[in-house]
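Residue-level structure breakdown
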Amino acid sequence: MKRTRWLIPCLIVVLALGAVGCVPSGGGPGTISISPQQNTGIWVTGQGEVMAVPDIAELSLGIEARADTVDEAQTQASEAMNNVMAALKDNGVDEKDIQTQRFSIYPVTKWIKDEDKEEITGYRVTNMVTAKIREVDKVGIIIDSVAKAGGDLTRIQSINFSVDDPEPYYEQARDKALEDAKNKAAQLADLA
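This structure is a prediction, so every number in the text was calculated from the model and none was measured.

1. A few points about the confidence of the model for the protein chain
On average, residues of the protein chain score 84 in pLDDT, and 80% of them are at 70 or above. The element-level mean pLDDT for the protein chain is lowest in helix H1 (residues 2-20), coming to 38, with helix H2 (residues 70-90) highest at 97. Contacts for the low-pLDDT stretch residues 1-25, under 50 throughout, to residues beyond four places or in other chains number 15 contacts.

This is the structure in structure tokens:
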């Protein structure tokens, strides 16, 4: 009976040490030290912000045509898209800056309640592209030109302004963030 009472407390101590986390120390064979699992020291973060004037605009636009047959819808969409592409190129948008974003052909259906089924009533062809406009001051003119060229089939989804080469601005922001972190660290070191 004595042996059982001694074994249970030893087992509890071993399980408790395992749960806390044991790390061998340099004290010799069989020596164990318990280590807190936290980083030590003071940590600082820095923030850097840089403003940039956009030098490009990305215009997401396209054509959506609907007709009784796929062939009719595709013909309408193709003609309208050719007009849109010509308008983009006439306004200085380089062909390499125009990329197809999405092309789809879907049936247009209606629900027939009496027969409890769907019926195809036509087809919809959608052709969307993204155009990078490098002359930002011409964005309004280009949108007007494209809308006129594509007519009622024109779809303009969005326009985003950004910087063509953001890397120099990232570098400036990182420099400012590092300087901010150094200043915070120096202030904390003085206080300590």
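2. Comments concerning H2
In an α-helix there are 3.6 residues to a turn, and that puts residues three or four apart on one side. Given a rise of 1.5 Å per residue, 21 residues ought to cover 30 Å, and the 30 Å separating the end C-alpha atoms of H2 matches this to within 8%. Of all the residues in H2, the buried ones are Ala73, Ala77, Ala80, Met81, Val84, Ala87 and Leu88. The arc that holds the buried residues of H2, viewed along the axis, is 115°, so those residues lie on one side. Facing away from the buried surface of H2 by more than 90 degrees, the exposed residues are Asp71, Glu79, Asn82 and Asp90.

3. Re the sheet that holds strand S3 (residues 56-67)
An order of S4-S5-S3-S6 is seen for the 4 strands of this open sheet, with the pairing classed as antiparallel. Each edge of the sheet is formed by a strand with only one pairing partner; in this case those strands are strand S4 (98-112) and strand S6 (154-162). Across this sheet, the average inter-strand angle for adjacent strands is 15°, counted without regard to direction. The pairing of S3 with strand S5 (residues 117-133) spans 11 bridges and is antiparallel. Residue pairing in the sheet places Gly62 in a bridge with Met128 of S5. Packed onto the sheet, H2 meets S3, S4 and S5 and runs at close to 155° relative to S3. The sheet contacts of helix H3 (residues 139-150) involve S3, S5 and S6, and relative to S6 the element is tilted by about 165°.

4. Description of the nonpolar core
Among the nonpolar cores identified, the biggest contains 22 residues, and Leu61, Val84, Leu88, Val93, Ile133, Ile142 and Val146 are the most heavily contacted of them. Mapped by element, the contributors of at least two residues to this core are S3, H2, S5 and H3. Tallying contributions element by element places H2 first for this core, with 7 residues. Ignoring anything within four residues of it in the chain, the contact list for Val146 reads Leu61, Val84, Ala87, Leu88 and Thr154.

5. Topic: helix H4 (residues 167-191)
Its 25 residues place the ends of H4 36 Å apart at the C-alpha level, agreeing with the 36 Å of an ideal helix rising 1.5 Å per residue. Among the residues making up H4, those that are buried are Ala173, Ala177 and Ala181.

6. As for the packing of H2 against H3
Viewed as axis vectors pointing N to C, H2 and H3 meet at an angle of 155°, and their least axial separation amounts to 8 Å. Compared by their axis directions, H2 and H3 come out roughly antiparallel. By crossing handedness, the relation of H2 to H3 is classed as right-handed. Of the residues in H3, those touching H2 at Ala80, Asn83, Val84, Ala87 and Leu88 are Ile142, Ser145, Val146, Ala149 and Gly150.

7. Some thoughts on a nonpolar patch on the surface
On the surface, Ile42, Leu188 and Leu191 cluster together into a nonpolar patch covering about 320 Å² of accessible area. Take Leu188: it is sitting in helix H4.

8. Section: the environment of Ala67
Its location among the elements puts Ala67 in strand S3. With 58 residues separating them in the primary sequence, Ala67 and Val125 have C-alpha atoms 8.7 Å apart.

9. Here we look at the environment of Lys89
Topologically, Lys89 is positioned in helix H2. When its relative accessible area of 39% is taken as the criterion, Lys89 is described as partly exposed. When the C-alpha atoms of Lys89 and Ile142 are compared, they prove to be 9.7 Å apart, with 53 residues separating the residues in sequence.

10. Brief notes about the pattern of salt bridges
Taken as a whole and judged by the stated rule, the model has 10 salt bridges. Put simply, Asp97 and Lys96 hold a salt bridge, and the shortest N to O gap is 3.8 Å. For Arg174, the salt bridge goes to Glu167, with nearest N and O atoms at 2.9 Å. When its relative accessible area of 35% is taken as the criterion, Glu167 is described as partly exposed. Linked by salt bridges that have partners in common, Lys96, Asp97, Lys132, Arg134 and Asp164 make up one network.

About the cut-offs
Residues numbered from 1 in each chain as written. Predicted model: local features only at pLDDT ≥ 70, side-chain atom pairs only at ≥ 80, totals over all residues. Heavy atoms only, no water. pLDDT = per-residue confidence, 0-100. Helix = DSSP H or I, 4+ residues; strand = E, 2+ residues; numbered from the N terminus. Contact = heavy atoms within 4.5 Å. Expected span 1.5 Å × (residues − 1). Buried < 20%, exposed > 50% of the residue type's maximum accessible area, 1.4 Å probe, protein only. Arc of directions from axis to C-beta. Pairing = 2+ DSSP bridges. Axes fitted to C-alpha atoms, helices over the stretch in contact; angles between N-to-C directions. Core = buried A, V, L, I, M, F, W, Y, C linked by side-chain atoms within 4.5 Å. Parallel < 35°, antiparallel > 145°, perpendicular 65-115°, else oblique. Left-handed = near helix turned anticlockwise from the far one by under 90°. Patch = residues over 30% accessible without salt bridge, like charges linked within 9 Å, V, L, I, M, F, W, Y side chains within 5 Å. Areas by Shrake-Rupley, 256 points an atom, 1.4 Å probe, with all protein chains shown as cover. Salt bridge = Lys/Arg side-chain N within 4 Å of Asp/Glu carboxyl O.

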